[in-house]
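Remarks on the overall topology
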Amino acid sequence: MTDRLPHEKGFHVSWDQLHRDARALAWRLQDLSPEGKGWKAIVAITRGGMAPAMIIARELDIRLVDTISVKSYQHQNQSEPQVIKAPDPELVGDGTGILIIDDLGDTGKTLEVVRQHMPNAHVATIYAKPMGKPMVNSYITEVSQDTWIFFPWDMALQYVKPYTGLDD
Ligand SMILES: O=P(O)(O)OC[C@H]1O[C@H](OP(=O)(O)OP(=O)(O)O)[C@H](O)[C@@H]1O
Ligand code: HPA
Ligand SMILES: [Mg+2]
């Protein structure tokens with residue numbers, strides 16, 4: 001997409017940080033199910049929602065986990081989101097009691113498409129940018145629209161030069 005803001009900042013998330021944030025989100029979701037009856041199932045938005053969904057499913061003892069596959073980004077370039085695999089319609093119904101999990105809401109376009117499948121579901125992401133926020137019911141941390149979030153599965157430990165710029 002040509003109208004996307006340039007990503008001037010990078011926000012690098014470690015596995016440890018992601019684990020803490022996913023747990024914090026799970027604890028927040030504990031009391032938010034319809035009529036306090038508990039969540040029926042989780043639907044993870046692949047692929048980025050899968051690791052957060054696993055952590056949340058474990059915290060909340062949810063054994064039923066389905067997926068919805070949405071493809072929209074090729075590296076940092078976005079195209080129209082396409083659903084390439086839908087969750088079991090008998091399980092999710094209109095979304096009542098269903099927790100939809102993704103790693104983040106950026107423009108909100110992915111979540112908009114997913115919400116059309118399950119209008120009554122609760123949408124939770126670990127991170128949210130301002131444009132994505134209206135599509136999200138619960139999130140943990142907001143970052144600015146011009147920040148690109150780097151997730152731990154996209155990074156590796158590597159050498160960095162000392163602050164002085166002089167190698168040892
Ligand atoms: O709010 P949006 O602007 O739609 O962007 C957010 C979506 O983009 C990324 O997924 P991506 O499509 O890159 O696929 P992936 O999860 O398989 O990496 C991210 O995991 C969200 O699902
Ligand atoms: O900031 C981001 N980081 C990683 N993946 C993404 N997909 C959309 N926005 C982002
Ligand atoms: Mg994704």
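A quick note: this is a predicted structure, and the numbers were derived from the prediction, not measured. (Residues numbered from 1 in each chain as written. Chains lettered and ligands numbered in written order. Predicted model: local features only at pLDDT ≥ 70, side-chain atom pairs only at ≥ 80, totals over all residues.)

1. Comments concerning unusual backbone geometry
For residues that are not glycine, phi is negative in most cases, and the peptide bond is trans in most cases. Note the threshold: Numbering of helices and strands runs from the N terminus, with a helix taken as a DSSP run of H or I at least four residues long and a strand as a DSSP run of E at least two residues long. Exposure criterion: with C-beta atoms placed from backbone coordinates, a residue whose C-beta has 20 or more other C-beta atoms within 10 Å is buried, one with 12 or fewer is exposed, and one in between is partly exposed.
Looking along the chain, the bond that leaves Thr46 and enters Arg47 is cis, with omega of -5°. Considering the arrangement of structural elements, one finds Arg47 in the loop between β2 (41-46) and α2 (50-60). For Glu35, which is not glycine, the phi dihedral falls at a positive 55°. Residue placement: Glu35 occurs in the loop between α1 (15-29) and β2. The class of Glu35 is exposed, set by 6 C-beta atoms lying within 10 Å. Although it is not a glycine, Asp61 sits at a positive phi angle of roughly 55°.

2. Overview of the pairing of β2
The condition that has to hold: Note: two strands are recorded as paired if DSSP finds a minimum of 2 bridges between them.
In terms of strand pairing, β2 meets strand β5 (residues 98-105) through four bridges, oriented parallel. In the strand pairing of β5, Ala44 is matched with Ile101.

3. Some details on the sheet that holds strand β3 (residues 65-74)
Inclusion rule: To obtain an axis, a line is fitted to C-alpha atoms, over the contacting stretch when the element is a helix, and the angle between two such axes runs from 0 to 180 degrees between their N-to-C directions. Placing C-beta atoms from the backbone, we regard two residues as in contact once those atoms come within 7 Å.
Pairing is mixed across the open sheet formed by six strands, whose spatial order is β4-β3-β2-β5-β6-β7. Strands at the two margins of the open sheet, each flanked by one partner only, are β4 (77-85) and β7 (138-142). Averaged over all adjacent pairs, the angle separating strand axes in this sheet is 20°, with direction ignored. Bridge count between β3 and β4: five bridges; the pairing is antiparallel. Its bridge partner being in β4, Tyr73 is matched across the sheet by Gln78. Packing of α2 onto the sheet brings it into contact with β2, β3, β5 and β6 (122-128), and relative to β2 it is tilted by some 160°.

4. Some points on the UniProt feature "binding site: GMP" (unreviewed entry) in the protein
Heads up, the rule is: UniProt positions are given in the numbering used here, feature names are shortened, and annotations may be inferred rather than shown by experiment.
Look at the UniProt record and you will see "binding site: GMP" (unreviewed entry) annotated at Asp106, Thr107, Gly108, Lys109, Thr110, Trp148 and Ile149. On the secondary structure map, Thr110 appears in helix α4 (residues 109-117). Using a count of 26 C-beta atoms within 10 Å as the deciding quantity, one classes Thr110 as buried. The residues contacting Thr110, other than those within four sequence positions of it, are Ile45, Val70, Ser72, Pro81 and Asp102. Examined against the element boundaries, Ile149 turns out to sit in strand β8 (residues 147-150). Every residue in contact with Ile149, bar those within four places of it in the chain, is listed here: Phe11, Val13, Leu104, Tyr127 and Val143.

5. Some remarks on α4
Every buried residue of α4 is accounted for by Lys109, Thr110, Leu111 and Val114. Buried positions along α4 lie against β2, β3, β4, β5 and β6.

6. Quick look at the site of ligand 2
Rules: For each residue, a C-beta atom is positioned from the backbone; the residue is called near a molecule or strand if that atom sits within 6 Å of it. Only Asp, Glu, Lys and Arg are considered charged, only Ala, Val, Leu, Ile, Met, Phe, Trp, Tyr, Cys and Pro nonpolar, and every remaining residue, Gly among them, polar.
Taken together, Tyr73, Leu104, Asp106, Trp148, Ile149 and Phe151 make up all the residues around ligand 2. Counted by class, the shell around ligand 2 contains five nonpolar, no polar and one charged residues.

7. Notes on the UniProt feature "binding site: xanthine" (unreviewed entry) in the protein
The positions that UniProt labels "binding site: xanthine" (unreviewed entry) are, in the present scheme, Asp106 and Ile149. On the basis of their most widely separated C-alpha atoms, the annotated residues across 44 residues gather in one place, lying no more than 9.7 Å apart. Here Asp106 shows up in the loop between β5 and α4. Ignoring anything within four residues of it in the chain, the contact list for Asp106 reads Lys129, Met131 and Gly132. Ile149 sits in the buried class, given 20 other C-beta atoms within 10 Å.

8. Brief notes about the environment of Gln116
On the secondary structure map, Gln116 appears in helix α4. Taking the C-alpha atoms as reference points, Gln116 and Gly95, 21 residues apart in sequence, are found 9.8 Å from one another.

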